[in-house]
Amino acid sequence: MSSTTSTTSPAATNPAPAAAGTSTGADPYSDRHGHPAAHLLEPEERAVHDEHHLTEKAASTSTLAGGRTVLVPVDGSPSSIEAIEWARHHFLRPNDTVVLVHVRSYQNLYLADMGASLLPAVEDLEDVARRDSHALIRDMGRRLLAPLEGTNAPPVTRVRGFAIRGDARADILRKARDVHADAIVVGSRGLGMLKRAVLGSVSDYLSHHAPCPVLVIRPVTTHDEEHPEASP
Amino acid sequence: MAAPHARSSTVATTTSLGLLGKRLLVLAMDDSVASQVALAWTLKEMVHPERDHLVVLTVSTYKTASGLLGGGDVKTSKRELKADARAQRICEYAAMHIGDFVKQMSVPLSFELVTLKAADNDVRDVILDYIRDTRASMLILGAHAGGTVKRAILGSTSSYCLHHAAVPVIIVKEEGGVKAG
């Protein structure tokens, strides 16, 4: 599985105002990847998109004939795995392109005086979070591409991944628009789910706001229960 | 609650489906454009003709009239007839559309039109009960446009079913087959 990582950051083209007047030496307001320090940016600019091409053929952006673009947001919860398994067995067709998306929030250090000297600490947290995000996407991609039982073929041949830092709901929706998704397949409960809630906020949000069909996946519960309302 | 419907035939179908390894897809339709879009999407994108049994579920719903001024029963019957006629029209539309699809694609598709009755707006419970009783593989619903409108719109029935169904739920928007963005 080849992977190329390219980093695009909208803020890279507009340097943060604080950096505009500094010399061409080391810019104290950008982290080591060249992203301006998160706390100086507006929310829209903070999103960082790192792209993964999980299969060789996915490098080209055109879709295969008759193929659909299916966006699958993941967060490492069991629900994400359910969504991927369901998509593999029940929905995906060989010509489809799957776009995996993981959105992480940016790491916050709540300190009274966030000077430039504290940036390295934040950077380390960010690096770890970023690495974990890429690892998760690779992991989910491997799961997705595993050959289907009874055949030796994977369900799809084209998988792309995006590791995004930003707001889960807004950025998943934005990514769906960017890739012109034909459908979104999403789990019903995420990592941060309250025990009482019946539907996660991200799947709820997407089902309301996405213009393309949204497939909200929960496991089919055994129907022998006395009180089916109690199941999620 | 729902009046008794032909459960025995549905259960028999489901048992044989299980034996054949087929999936049971339930598409709940009302008379909205969104439902029509959902039907078209289901046929084009979701159904595997060899593997699936498609149920198009319509719920005939009406408010029972109070008998305060007399004649309540008559009113209720009239409403019931109108509701049944509405449901009938939806079934005819679905049958026609599925027929066209089958002819066009030259594939056999096993499908069923089911109409349930619900007095006094128990539509969502009727749908969820049906899903549970038939052990459906998934529920497909149409919903009004949400993407281009500031206020998120998902009908109360669709929203409730999405939250409380015990199976995967697919929401197809009115502008339905359109790609995002």
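Predicted, not measured: the structure shown is a model, and the values here were computed from it.

Moving on: the overall build of chain A. In terms of helices and strands, chain A carries seven helices and seven strands. When the elements of chain A are put in sequence order from the N terminus, they spell out β-α-α-α-β-β-α-β-α-β-α-β-α-β. With 232 residues in all, chain A has 46% of them scored as buried. Partitioning the contacts of chain A with sequence separation of at least 6, the portion at a separation of at least 24 is 80%. In the structure as shown, chain A presents an accessible area of about 11200 Å², 55% of it carried by carbon and sulfur atoms.

All right, on to the pairing of strand E4 (residues 97-104) of chain A then. Sheet faces and side chains relate simply in a regular strand, where the side chains alternate between the two faces. Residue and element names in this part refer to chain A. When you tally the buried positions in E4, you get eight out of eight residues, the bulk of the element. Alternating residues of E4 divide into Thr 97, Val 99, Val 101 and Val 103 and Val 98, Leu 100, His 102 and Arg 104, and every residue in both groups is buried. Here strand E3 (residues 69-73) pairs with E4 via five bridges, running parallel. Paired with Val 72 across the bridge in E4 is Leu 100. For the segment spanning E3, helix H4 (residues 78-90) and E4, crossover handedness is right-handed.

Under the counting rule described, the total for this entry stands at two aromatic pairs over all chains. Centroid distance Trp 86 of chain A to Phe 91 of chain A: 6.3 Å. Interplanar angle 25°. Geometry classified as stacked. Comparing Trp 86 of chain A with Phe 91 of chain A, the two get one shared label, buried. Among the aromatic residues, those joined into a ring-pair cluster are Trp 86 and Phe 91 of chain A together with Trp 41 of chain B. Lying over the aromatic face of Tyr 160 of chain B, Arg 124 of chain B brings its terminal NZ or CZ to 4.0 Å of the ring centre.

A few words on the pattern of salt bridges. Opposite charge on two side chains makes pairing possible when the charged atoms of those side chains draw close. All names here are of chain A. All told, the structure shown has 15 salt bridges over all chains when counted by the stated rule. Between Arg 68 and Asp 96 there is a salt bridge, with the nearest N and O atoms lying 2.9 Å from each other. Of this pair, Arg 68 sits in the loop between strand E2 (48-53) and E3 while Asp 96 sits in the loop between H4 and E4, placing them 28 residues apart in sequence. Here Arg 68 matches Asp 96 in class, with each residue buried. In this structure, the salt-bridge partner of Arg 88 is Glu 85, at a minimum N-O distance of 3.7 Å. With a gap of three residues between them, Arg 88 and Glu 85 both fall in helix H4, about one helical turn apart. The class of Arg 88 is buried, set by a relative accessible area of 4%. Classification of Glu 85 as partly exposed rests on a relative accessible area of 25%.

This part is about helix H3 (residues 72-105) of chain B. Residue and element names in this part refer to chain B. For H3, which comprises 34 residues, the first-to-last C-alpha distance of 49 Å matches the rise-based estimate of 50 Å (1.5 Å per residue) to within 8%. Of the residues making up H3, those classed as buried are Gly 72, Thr 76, Ala 83, Ala 87, Ile 90, Cys 91, Ala 94, Ile 98 and Phe 101. Where the residues of H3 are buried, they touch strand E1 (23-29), helix H2 (33-46), strand E2 (52-62) and strand E3 (110-119). At the C-terminal side of H3, Ser 106 shows a positive phi close to 50°.

Here we come to the confidence of the model for chain A. All names here are of chain A. Overall, the predicted model of chain A reaches an average pLDDT of 74, with 60% of residues at or above 70. Low confidence marks residues 1-25, where pLDDT is under 50. Its contacts with residues over four positions away, or in another chain, come to 35 contacts. Low pLDDT, under 50, characterises residues 56-60; the stretch is placed with nine contacts to residues that sit more than four places away or in other chains.

This part covers a positive patch on the surface. Residues and elements named next belong to chain B. Residues Lys 63, Lys 75, Lys 78, Arg 79, Lys 82, Arg 86 and Arg 89 make up a contiguous surface patch of positive charge. Mapped onto the elements of the fold, Lys 78 is located in helix H3. Of the residues examined, Lys 78 reaches a relative accessible area of 57% and is grouped as exposed.

What counts and what doesn't
- Residues numbered from 1 in each chain as written.
- Chains lettered and ligands numbered in written order.
- Predicted model: local features only at pLDDT ≥ 70, side-chain atom pairs only at ≥ 80, totals over all residues.
- Heavy atoms only, no water.
- Helix = DSSP H or I, 4+ residues; strand = E, 2+ residues; numbered from the N terminus.
- Buried < 20%, exposed > 50% of the residue type's maximum accessible area, 1.4 Å probe, protein only.
- Contact = heavy atoms within 4.5 Å.
- Areas by Shrake-Rupley, 256 points an atom, 1.4 Å probe, with all protein chains shown as cover.
- Pairing = 2+ DSSP bridges.
- Right-handed = clockwise from strand over helix to strand, strands pointing away.
- Phe/Tyr/Trp six-rings, centres within 6.5 Å; stacked < 30°, edge-to-face > 60°.
- Lys NZ or Arg CZ within 6 Å of the ring centre and 35° of its normal.
- Salt bridge = Lys/Arg side-chain N within 4 Å of Asp/Glu carboxyl O.
- Expected span 1.5 Å × (residues − 1).
- pLDDT = per-residue confidence, 0-100.
- Patch = residues over 30% accessible without salt bridge, like charges linked within 9 Å, V, L, I, M, F, W, Y side chains within 5 Å.
- Lys, Arg positive; Asp, Glu negative; His and termini not counted.
- Charge placed at Lys NZ, Arg CZ, Asp CG, Glu CD.

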